[in-house]
Every structure is written in structure tokens, then in C-alpha cells.
Amino acid sequence: MAVPTLRGLDLSKPMLVLAPHLQYPLRNGADLLVDRSAVAMSHHIPRIDLVGEQEHRTYAKGLCIAREPFQNKMRGPAAAAIRTALFRTNYLMERFVTSSYRRRIRSLLRSSAYGSVWYSFAEIASELRAEPGALNFEAAWTHNDQVKWFRTLQHSTQNPFRKWVAWQSGQWYREQAARISDLTHVYVTEADRQGHTDAFGPHPSLVMPIGTDVLDPS
């Protein structure tokens, strides 16, 4: 069942994109998808502020008009896994969301300048967003069918600790689903969207396949 996706998106205001995994130079699929989507959408919005792991970039009319590096470093895999076990949270959230990243974006999230906030990974949205409903439009790239992805990780490893971390991460994601149910979920495949719908029910969503250049808001 399709649910309206872009209601409330204000194209007259800047957009904030939070992607604490994103590293320059661009290397992997998630980083490329988020950065290139921001470049493409900047043709339709006054500006886009994209905050990656260690760099804040501003895009306008398809061009990077400002770059500001800052001190931050995502956690390593082992540290993220241990924190997931200790705090019973989620591996991706623990890997990417650091205290220094929180400090960097705190004032940005409180700013009234932005018409929308886009998060990279739904786990990031659940952890970083302000009060649900504080903005007219928020979206999250999922990059995967997260429920299926963590289940696959759980069953593909023979390491008991890794198996438990994958299980715990999936459980946390399920428990947080209600907190992000009002976000527009952005999927790269229709299969990913259907998997999430089967698990949690109808929700605002759209599919932006890898290679899509422009999001048409019409």
C-alpha cells in the first residue's frame, strides 16, 4: 500500500542531510548515493548542508560552495559491537553516532532555517532526530531492508558474539520502529520497501534506485 511521501516538503528552505558514515573521497555505495542525491536535489532547493563523518559541505545549484572540516571519527567495528552489547542498542548507530558528531549537529538540528532533515540510515534518524513532528518533513535513507539484513548477518556467522550483536541490532531496530514511523523512508529497491512494509505495516516511503539523479517533488 502506497502512502503519500513528500507532503510537507518545503522547497523554499534549505535542507539538512546527516550522514555520519560518509567519508571523502567517496568510496562505497551508501556514501555515493547520499552525496550525489544531495548534489542533484540542490538544483531545486536554496542550499543543502551535508554533514558527513569529518566534513560539512554546502551544495547549491549542483556545486559545492563551502567545505568545513571538523574533528570526529566513527568507532571501529570491535568498539561498536562491544557498545551494542553493553548498552543493548544497535551496531550501526554505535558505529556512526559519536559524541563529537552529536556536538557538531546539535545547533543545526535546533535551527529554524531548514525546511527538512534527511538522515542516512533509519538507525541514525531514530537516535539523532529532535522530537517527532518538530519538522514538517523528515526522511531517512534505509540503504537495505534492515530487518532482513540483520537476520542474514545473524545466521551467516558462526561467532556467538557476532551472532548476538546482529540479533540485538535487529531487536533494537524493531523497538525503535514506532519512533520513526512518521518519517518518509527512502529505499533503493521495491523489495526493500516491501520487506519493511511486511514487518511494520504501511508507512510514508519512496524508492530512489541507485543511479537516480533527480528527485522530482511533483
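Shown above is the structure to which this text applies.
Counting of residues starts from 1 at the beginning of each chain's written sequence and follows it residue by residue. At least 70 in pLDDT is required for a residue's local features to be given in this predicted model, at least 80 for side-chain atom pairs to be given and counted, and no such filter applies to totals for whole chains, interfaces and linings, which use all residues. Heavy atoms from the whole structure form the basis of all side-chain values; hydrogens and water molecules are not counted.

So, the layout of surface pockets
Stated precisely, the cut-off is as follows: Any residue with an atom within 4 Å of a point lines the site, the site being either a cavity, points on a 1 Å grid over the protein atoms alone where a 1.4 Å probe fits but cannot get out, or a pocket, an open set with protein on both sides within 12 Å along at least 5 of 7 lines. Grid points are joined across faces, edges and corners, and a volume is the space filled by probe spheres set on the points. Under the grouping applied here, Gly and all other residues not named as nonpolar or charged are polar, the nonpolar ones being Ala, Val, Leu, Ile, Met, Phe, Trp, Tyr, Cys and Pro and the charged ones Asp, Glu, Lys and Arg.
Size it by volume and the largest pocket reaches roughly 270 Å³. Lining of the largest pocket is provided by 13 residues; of these, Tyr91, Leu153, Arg162, Val165 and Ala166 occupy positions nearest its centre. Residues that form the lining of the largest pocket fall into these classes: nine nonpolar, three polar and one charged.

Some remarks on helix α8 (residues 190–200)
We count it as follows: Think of it in three bands: residues with accessible area under 20% of the maximum for their type are buried, residues over 50% are exposed, and the middle band is partly exposed, with areas taken using a 1.4 Å probe on protein chains only. By definition, any uninterrupted DSSP run of H or I lasting at least four residues is a helix, any uninterrupted run of E lasting at least two residues is a strand, and each is numbered from the N terminus.
Within α8, burial applies to Asp192, Arg193, Gly195, His196 and Thr197. Downstream of α8 by one or two residues, Gly201 has phi in the positive range, about 95 degrees.

Things to note about the pattern of salt bridges
Rule in force here: Every case where a carboxyl oxygen of Asp or Glu lies within 4 Å of a side-chain nitrogen of Lys or Arg is listed as a salt bridge.
Tallying each qualifying case throughout the model produces nine salt bridges. Between Arg102 and Glu127 there is a salt bridge whose closest N-O contact spans 2.5 Å. Note that Arg102 is positioned in helix α4 (residues 99–110) and Glu127 in helix α5 (residues 122–128), a separation of 25 residues in sequence. When its relative accessible area of 29% is taken as the criterion, Arg102 is described as partly exposed. Put simply, Arg75, Arg83 and Glu94 are held in one network by salt bridges that share partners.

A word on the pairing of strand β4 (residues 63–69)
Working note: regular strand, side chains alternate between the two faces of the sheet. For the record, the criterion: Whether two strands pair comes down to DSSP finding at least two bridges between them.
With zero of seven residues buried, β4 is to be regarded as a mostly surface element. Bridge analysis of strand β3 (residues 55–60) against β4 gives six bridges, and the strand direction is antiparallel. Following the sheet pairing, Glu55 is matched in β4 by Pro69. The hairpin formed by β3 and β4 contains two residues between the paired strands, and Lys61 there has a positive phi angle of roughly 55 degrees.

As for the packing of aromatic side chains
Going by this rule: Pairing of aromatic side chains here covers Phe, Tyr and the six-membered ring of Trp, requires ring centres within 6.5 Å, and sorts the geometry by plane angle: under 30 degrees stacked, over 60 edge-to-face, intermediate tilted. A ring has a charge above it when a Lys NZ or an Arg CZ is no more than 6 Å from the ring centre and no more than 35 degrees off the ring normal.
Scanning the entire structure with this criterion turns up seven aromatic pairs. Where Trp164 meets Trp167, the ring centres are 6.2 Å apart and the plane angle is 45 degrees; that geometry is what we call tilted. Residue Trp164 and its partner Trp167 are both found in helix α7 (residues 160–176); the two are separated by three residues, about one turn of the helix. Since its relative accessible area comes to 28%, Trp164 is described here as partly exposed. In this structure Trp167 comes out as partly exposed when scored by relative accessible area, which is 37%. One aromatic cluster is present, formed by Trp118, Phe137 and Trp141 through successive ring pairs. Here the guanidinium or amino end of Arg57 rests over the ring plane of Tyr24, the centre of that ring lying 3.6 Å away.

Looking at the nonpolar core
Rule in force here: The nonpolar core is taken to be a set of buried Ala, Val, Leu, Ile, Met, Phe, Trp, Tyr and Cys residues, with the residues joined through side-chain atoms within 4.5 Å.
In this structure, Leu16, Leu18, Val51, Tyr101, Tyr119 and Leu128 are the most contacted members of the largest nonpolar core, which totals 31 residues. For this core, the secondary structure elements donating two or more residues are β1 (15–18), α2 (77–87), α3 (91–96), α4, β5 (116–120), α5, α6 (146–156) and α7. Among the nonpolar cores identified, the runner-up in size contains 23 residues, and Val17, Leu33, Ile48 and Ala139 belong to it.

Some words on the packing of α6 against α7
Convention followed: Each axis is a line fitted through C-alpha atoms, and for a helix only the stretch in contact is used; angles between axes span 0 to 180 degrees, taken between their N-to-C directions. Put simply, angles under 35 degrees are roughly parallel, angles over 145 are roughly antiparallel, angles from 65 to 115 are roughly perpendicular, and the rest are oblique. In this scheme, a crossing is called left-handed if the near helix is turned counterclockwise away from the far one by less than a right angle; it is called right-handed if the turn is clockwise. Whether two residues are in contact is decided by their heavy atoms: any pair within 4.5 Å suffices.
The N-to-C vectors of α6 and α7 enclose an angle of 165 degrees; their axes lie 7 Å apart at closest approach. What the angle tells us is that α6 and α7 run roughly antiparallel. For the pair α6 and α7, the sense of crossing is left-handed. For the pair α6 and α7, contact is made by Gln146, Val147, Phe150, Arg151, Leu153, Gln154 and His155 and by Lys163, Ala166, Trp167, Ser169, Gly170, Tyr173 and Arg174, respectively.

Concerning the environment of Arg129
For the record, the criterion: Any N or O atom pair separated by 3.5 Å or less is treated as a polar contact, with the protein-specific requirement of one donor-capable and one acceptor-capable atom, and with residues adjacent in sequence counted only for side-chain atom pairs.
Take Arg129: it is sitting in the loop between α5 and β6 (138–141). For Arg129, a relative accessible area of 4% puts it in the buried group. As a C-alpha pair, Arg129 and Ile65 span 64 residues in sequence and 26 Å in three-dimensional space. Excluding anything up to four places from it in sequence, Arg129 contacts Tyr119, Ile124, Glu138, Arg179, Ile180, Asp182 and Leu183. Only 2.4 Å separates the side chain of Arg129 from the side chain of Glu138, close enough to count as a polar contact. Engagement of the side chain of Arg129 in a polar contact is seen with the side chain of Asp182, the distance being 3.1 Å.

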